[in-house]
Amino acid sequence: MIQIQNLTRIYDGRAAVDDVSLTVEAGQIAALVGTSGSGKTTLLRMINRLVEPSSGQVLIDGQDTRQVAPHLLRRRIGYAIQGHGLFPHRTVGQNIATVPRLLGWNQAAIRDRVDELLSLFQMEPDQFRDRMPHELSGGQQQRVGVARALAAKPDLLLMDEPFGALDPVIRAKAQADLRDIQRRLGTTLILVTHDMEEAVTLGDRIAVMDKGRLVQYAPPSEILTAPATPFVRDLIGLDQRPFHLLSLTPAHALARDGQAEGPALPRGATLRDALAECLWSGRDALPVEGGGVITLAALRAQAAPQARAAE
Ligand SMILES: Nc1ncnc2c1ncn2[C@@H]1O[C@H](COP(=O)(O)OP(=O)(O)OP(=O)(O)O)[C@@H](O)[C@H]1O
């Protein structure tokens, strides 16, 4: 569990992060969103002491981070940034092995871990292990950056726009992989993102920052349906609200008994995917893989909870 308590960072007499307190439960994902310059990166970097707080404290599983030497703290905490930050003169394998090596893992364990992570991110180990970073595509570099952050199986992973430069298809895949890995390993994850869709689909909770202050910290459904301030409402974008709400729920959760024609919606699809498929194929009901049917009427009700409550 991460407890951020009254954390403040002053630069040139101004608070970049201003008295922020929040708790992230173990195994959960917190997404930090906010406009540019609102203090997200500074807040994230205070957790692993890349930036020292001006005041306040961070507790990791009850331990004050000030009691741990910064370099030791950073070996325990995975950190992935936009633009990957790979060492250019080290191979992919050596990059991924950075922290396990510092921690004194034996060679065989390191090699196994490198190959395991490459496979996990759909990069054939024999093909990629010995390449240099410049021999990879941007998307592959980013995946190696995330693999490196995960290498020593950290309990806590900090990510600053890790998928920022990926194209939408690879990005969706990388997000799904990350979610899968995070759930499987029970990693606690704090993620900075500009992308509200990413925050909604990945975050168990979303923290909204405005001018250094935390203005709302709540589950995505609450941020969407009960924004605490006009700033939060604007950040979500009113036009996107129904789509974000739909992307929160897997399609099978709304499936009911019934008959529908045409190809089934794949397992793992969200209600948003279901709506897109209804509109695209002109159907008002879809079979769902694994059983049941989802109707356009049910999707409408789900996308407009206020309207449903008023009925
Ligand atoms: N090293 C520094 N020295 C002086 N000011 C800084 C420093 N780092 C950040 N700031 C200022 O602190 C504020 C918050 O910056 P920060 O990078 O945390 O914002 P952000 O929300 O991550 O922005 P973005 O989304 O654009 O990355 C900004 O006004 C920035 O100019």
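One can find the structure itself at the top, above this paragraph.
This structure is a prediction, so every number in the text was calculated from the model and none was measured.

Extensive coverage of strand β9 (residues 205–210) is indicated by the burial of five of its six residues. Alignment of β9 against strand β10 (residues 213–218), held across five bridges, turns out to be antiparallel. In the strand pairing of β10, A207 is matched with Y217. Linking β9 to β10, which pair antiparallel, is a turn of two residues; within it K211 sits at a positive phi near 50 degrees.

A separate point is the sheet that holds strand β1 (residues 2–11). The strands making up a sheet are joined through hydrogen bonds of the backbone, oriented either antiparallel or parallel. Read across the sheet, four strands follow the order β2-β1-β4-β5 without closing on themselves; strand pairing throughout is antiparallel. The sheet is open, and its two borders are formed by β2 (14–24) and β5 (63–64), each paired with just one other strand. Pairing of β1 with β2, which is carried by seven bridges, proceeds in the antiparallel orientation. If you follow I2 over to β2, its bridge partner there is V24.

Around the ligand sit Y11, A16, T35, S36, G37, S38, G39, K40, T41, T42 and H194, and that is every residue in its neighbourhood. Within the side chain of S36, one N or O atom sits 2.6 Å away from an oxygen atom of the ligand. About the coverage of the ligand: the protein hides 57% of its 630 Å² of free accessible area. A total of three residues in the shell around the ligand trace back to one element, the largest contributor, which is helix α1 (residues 40–47). Its residues placed into classes, the shell around the ligand shows two nonpolar, eight polar and one charged.

Attention now goes to the side chain of D160. Of note, D160 is situated in strand β7 (residues 156–160). At a separation of 2.8 Å, a polar atom in the side chain of D160 contacts the side chain of T41. If sequence neighbours within four positions are ignored, D160 has contacts with T41, L44, A80, I81, Q82 and V192.

With that settled, the discussion passes to the pairing of β7. Among the five residues of β7, five are classified as buried, and the element is accordingly described as predominantly covered. Burial along β7 is two-sided: the face carrying L156, L158 and D160 and the face carrying L157 and M159 are both buried. As paired elements, β7 and strand β8 (residues 188–192) share five bridges and run parallel to each other. Its bridge partner lying in β8, L157 is registered against L189.

Right, let's get into the layout of surface pockets. If a probe as big as a water molecule is rolled over the atoms, it shows which places are left empty. Estimates place the volume of the largest pocket at around 670 Å³. Along the wall of the largest pocket there are 23 residues; nearest its centre are Q175, T201, S247, T270 and D273. Those elements that provide at least two residues to the lining of the largest pocket are α8 (168–185), α9 (196–202) and α13 (271–281). Considering each element in turn, the lining of the largest pocket owes the most residues, seven residues, to α8. For the lining of the largest pocket, a count of residues per class yields seven nonpolar, seven polar and nine charged. Domain assignment of the residues forming the lining of the largest pocket places at least three in each of domain 1 (2–236) and domain 2 (249–310). Its boundaries defined by the atoms lining it, the second largest pocket holds a volume of some 470 Å³. If you trace the second largest pocket, you find 20 residues lining it, with R74, I77, Y79, V99 and R148 closest to the centre. Elements that contribute at least two residues to the lining of the second largest pocket include exactly α2 (70–76), β6 (77–81), α4 (98–102) and α7 (138–150). Looking at the lining of the second largest pocket, the element that brings in the most residues is β6, giving five residues. Within the lining of the second largest pocket, the residues separate by chemical class into 11 nonpolar, six polar and three charged.

What counts and what doesn't
- Residues numbered from 1 in each chain as written.
- Predicted model: local features only at pLDDT ≥ 70, side-chain atom pairs only at ≥ 80, totals over all residues.
- Heavy atoms only, no water.
- Buried < 20%, exposed > 50% of the residue type's maximum accessible area, 1.4 Å probe, protein only.
- Helix = DSSP H or I, 4+ residues; strand = E, 2+ residues; numbered from the N terminus.
- Pairing = 2+ DSSP bridges.
- Near = heavy atom within 4 Å.
- Polar contact = N/O pair within 3.5 Å; in protein donor to acceptor, adjacent residues only side chain to side chain.
- Areas by Shrake-Rupley, 256 points an atom, 1.4 Å probe, with all protein chains shown as cover.
- Nonpolar A, V, L, I, M, F, W, Y, C, P; charged D, E, K, R; others polar.
- Contact = heavy atoms within 4.5 Å.
- 1 Å grid on protein atoms, 1.4 Å probe; cavity = no way out; pocket = protein on both sides within 12 Å on 5 of 7 lines; lining within 4 Å.
- Points joined across faces, edges and corners; volume = space filled by probe spheres on them.
- Domains from an automatic or database assignment.

By themselves these figures say nothing about function.
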